[in-house]
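Chain and residue survey
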Amino acid sequence: MNPFIAIQAKCRIDASTTFALYIYTRADMSQQPISSNNSPLELTGHQFRQELSQVIDQLVPYIDGLLDGDAWTPHDSPSADITPREPKLGPPCALVDVLDDLFQRRIHPSFSPASGGYLAYVPGGGIPHSAIADLISGIINKYVTVWSVAPGLANIEADVISWFNDLVGFPAGSGGYLTTGGSMANWSAIVTARRVRLGADFSKAIIYTSDQSHHSIIKAAVLAGFPEAHVRLIPCDTTHRINLQELKSTIASDRESGLTPFLITGHAGTTNTGAVDPLQDLATIAQQEQLWFHIDAAYGGFFCLTDQGHQALRGIHLADSITLDPHKGLFLPYGTGCLLVREQATLRQSHQVDAAYLPPFQEDADHVDFCGISPELSRDFRALRIWLPLKLFGWDTFKQYLEQKIKLCTQALEAVKSLDHIQIMSSPQLSTFAFRLVPSDFPSDSESLNSLNINFLERINTQRKIYLSGTTIDGNFLIRICVLGFRTHERHIAQCIDAIESNISPTIENYKSID
Ligand SMILES: Cc1ncc(COP(=O)(O)O)c(C=O)c1O
């Protein structure tokens, strides 16, 4: 008999005493050889419930604090008491102590991308339903990349991919798989295109993207074996969309020089300003030039659900491959990305390698062996954290949330626009815009304006209820507002506007006093 159960059976004790005894027993058991009577890693259902209830006790106040809690806590703030590194593993400790360390010290000093006031970079989500799905995945721990091993579960991932393909308008025969994020999906797209379109010698192949591209595109190209100099960063127009004439003339001049134009990446929402490239025109150029057309829709892809996004992303269905990031536009926990391809066969062609020790791959296209169409074999069952919330709420709920984000962004834009000394640097094409402080009697050189705006951003973020980030375009430092958190509502936008407005004069005064 499990000694823990034996102790419980003999004593009538309250819950905390039970737990203390359990901890004692666990530490005690670690001194003895492992056997079926002494197996500390094998929790009974009852023990699992007890351990989980301690975790829940920590998570409940944490969840309740996210809506209006701090959007960030700098690591050097007085309230941050970060546990130092532990390069050598110490003796085993009780769960209560480990949780205390995590929740009291390690989690606190950090950005809080799931909080209502987080409007920086691209906000993250972390809907709790997905955490419930992750708990189930971790406990069942099934092998989901070989169809015959867990067909019902592999079908869940295949269904999620079909739903995404429907959403972007890909035809029958399309496919894809779930990655850990957008960077991995971009990398996998370039590797797939290379394996399908180029031979072993791709030393002359050229990749085209805009100068507003996410850095993961360049990284993906380099990791896929292309020299960085073979990634052309095409300049953008005043709305930060790729300049089509520049693209065409660069392709022509590369061909004249004996190089091999190979792939164009378009953007369905850049990170800097949320700009959407003219996807339909890019598709036409890619078709005329016989190039692979990839779209990085990591930030903007799920806006397809909304009427405005559907319009902005016209032509997305013409791509050969698309990066989506459910951990952005579907508000899921980090670790949830996706690569979609127009033809599932291209993934198989580029990834399938047989192995004698694996069951045979499926012939039926409906029975997907994900290990045969992606780089990974053993991995987490990440589809469940998408499937569960979509089954519970349907697309319509997500559509409504995304519509709300577009509306909140427009409200923020109108409010910021009406403030004195503010210049809008890019209007929202989805749910992001950029602005800067340009006082009328202030030196207009970039250096002065940049340091003024860096200081302005620091002041806006000081009170921590909202958090904005900046970027630099054409040498100008800009402040961005990106509305994508599912917990972001009108009151957070009002707080944001208040923080901006109340810091305009103090920032300007501060600079006057330096002069
Ligand atoms: C447009 C774009 N592409 C790619 C990425 C990379 O995605 P991930 O952070 O999931 O790797 C991001 C991240 O913000 C992004 O905004």
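Look up a bit, the structure's there.
I will try to describe carefully the structure that is included in this document. On a predicted model such as this, the values are computed, not experimentally measured, just so you know.

Looking at the overall build of the protein
A tally of regular secondary structure across the protein gives 16 helices and 11 strands. Over its C-alpha trace the protein gives a radius of gyration of 26 Å, about what one expects of a compact globule, namely 24 Å for 515 residues. Its C-alpha atoms give the protein principal-axis dimensions of roughly 80 × 70 × 45 Å. By sequence separation, contacts in the protein at least 24 residues apart represent 73% of the contacts at least 6 residues apart.

Remarks on the site of the ligand
Looking at the ligand, there are 14 residues lining it, with Gly182, Ser183, Asp296, Asp325 and His327 nearest. Gly182 is positioned such that a nitrogen or oxygen atom in its backbone is 2.8 Å from an oxygen atom of the ligand. At a separation of 2.6 Å, a nitrogen atom of the ligand approaches a polar side-chain atom of Asp296. Bound to the protein, the ligand loses 84% of the 390 Å² it would expose on its own. Where the shell around the ligand is concerned, the elements lending two or more residues are α7 (182-197) and α12 (326-329). No other element matches α7, which puts 3 residues into the shell around the ligand. Classifying every residue of the shell around the ligand by side-chain character gives 2 nonpolar, 9 polar and 3 charged.

Thoughts on helix α13 (residues 344-351)
The set of residues buried in α13 consists of Gln344, Thr346, Leu347, Ser350 and His351. Burial along α13 is one-sided: seen end-on, the buried residues are contained in an arc of 160 degrees. Against the buried residues of α13 lie β1 (175-179), α7, β5 (292-297) and β7 (337-341).

A word on the pairing of strand β8 (residues 422-426)
Pairing of β8 with strand β9 (residues 432-437), which is carried by 4 bridges, proceeds in the antiparallel orientation. Considered in β9, the bridge of Gln423 is made with Arg436. Counted between consecutive antiparallel strands, the loop separating β8 from β9 contains 5 residues.

Observations concerning the side chain of Thr145
Within the secondary structure layout, Thr145 lies in the loop between α5 (128-140) and α6 (151-168). Apart from residues lying up to four places away in sequence, Thr145 is in contact with Asp369, Phe370, Cys371, Glu376, Leu377 and Arg379.

A word on the side chain of His294
When you line up the elements, His294 lands in strand β5. Among the polar contacts made by the side chain of His294, one reaches the side chain of Ser321 at a distance of 2.8 Å. Look past the residues within four positions of His294 in its chain and what remains in contact with it is Asn186, Ala189, Ile217, Ile264, Thr265, Gly266, Ser321, Ile322, Thr323 and Leu339.

Re the sheet that holds strand β10 (residues 469-473)
The strand order β8-β9-β11-β10 describes an open sheet built from 4 strands, whose pairing is antiparallel. Edge positions in the sheet fall to β8 and β10, since each of these pairs with one other strand and no more. Averaged over all pairs of adjacent strands, the angle between their axes in this sheet comes to 40 degrees, without regard to strand direction. Those strands touched by helix α14 (residues 384-417) are β8, β9 and β11 (476-482), and its axis lies near 15 degrees from that of β9.

Focus on the layout of surface pockets
There is about 810 Å³ of room inside the largest pocket. As for the largest pocket, its lining consists of 29 residues, and the residues nearest its centre are Leu59, Ile63, Gly126, Pro128 and Ala131. Those elements giving two or more residues to the lining of the largest pocket turn out to be α3 (45-66) and α5. With 9 residues, α3 is the largest single contributor of residues to the lining of the largest pocket. Here the residues of the lining of the largest pocket are counted per class, giving 21 nonpolar, 5 polar and 3 charged.

Some words on the state of the cysteines
On inspection of all chains with the given rule, the structure shows 0 disulfides. For Cys304, which is in no disulfide, the shortest distance to another cysteine sulfur is to Cys338 and amounts to 12 Å. A relative accessible area of 7% places Cys304 in the buried class. We note that Cys482 lacks a disulfide partner, and the nearest cysteine sulfur, in Cys409, lies 7.7 Å from it.

Rules of the game
Residues numbered from 1 in each chain as written. Predicted model: local features only at pLDDT ≥ 70, side-chain atom pairs only at ≥ 80, totals over all residues. Heavy atoms only, no water. Helix = DSSP H or I, 4+ residues; strand = E, 2+ residues; numbered from the N terminus. Rg over C-alpha atoms; globule rule 2.2 N^0.38 Å. Contact = heavy atoms within 4.5 Å. Near = heavy atom within 4 Å. Polar contact = N/O pair within 3.5 Å; in protein donor to acceptor, adjacent residues only side chain to side chain. Areas by Shrake-Rupley, 256 points an atom, 1.4 Å probe, with all protein chains shown as cover. Nonpolar A, V, L, I, M, F, W, Y, C, P; charged D, E, K, R; others polar. Buried < 20%, exposed > 50% of the residue type's maximum accessible area, 1.4 Å probe, protein only. Arc of directions from axis to C-beta. Pairing = 2+ DSSP bridges. Axes fitted to C-alpha atoms, helices over the stretch in contact; angles between N-to-C directions. 1 Å grid on protein atoms, 1.4 Å probe; cavity = no way out; pocket = protein on both sides within 12 Å on 5 of 7 lines; lining within 4 Å. Points joined across faces, edges and corners; volume = space filled by probe spheres on them. Disulfide = S-S within 2.5 Å.

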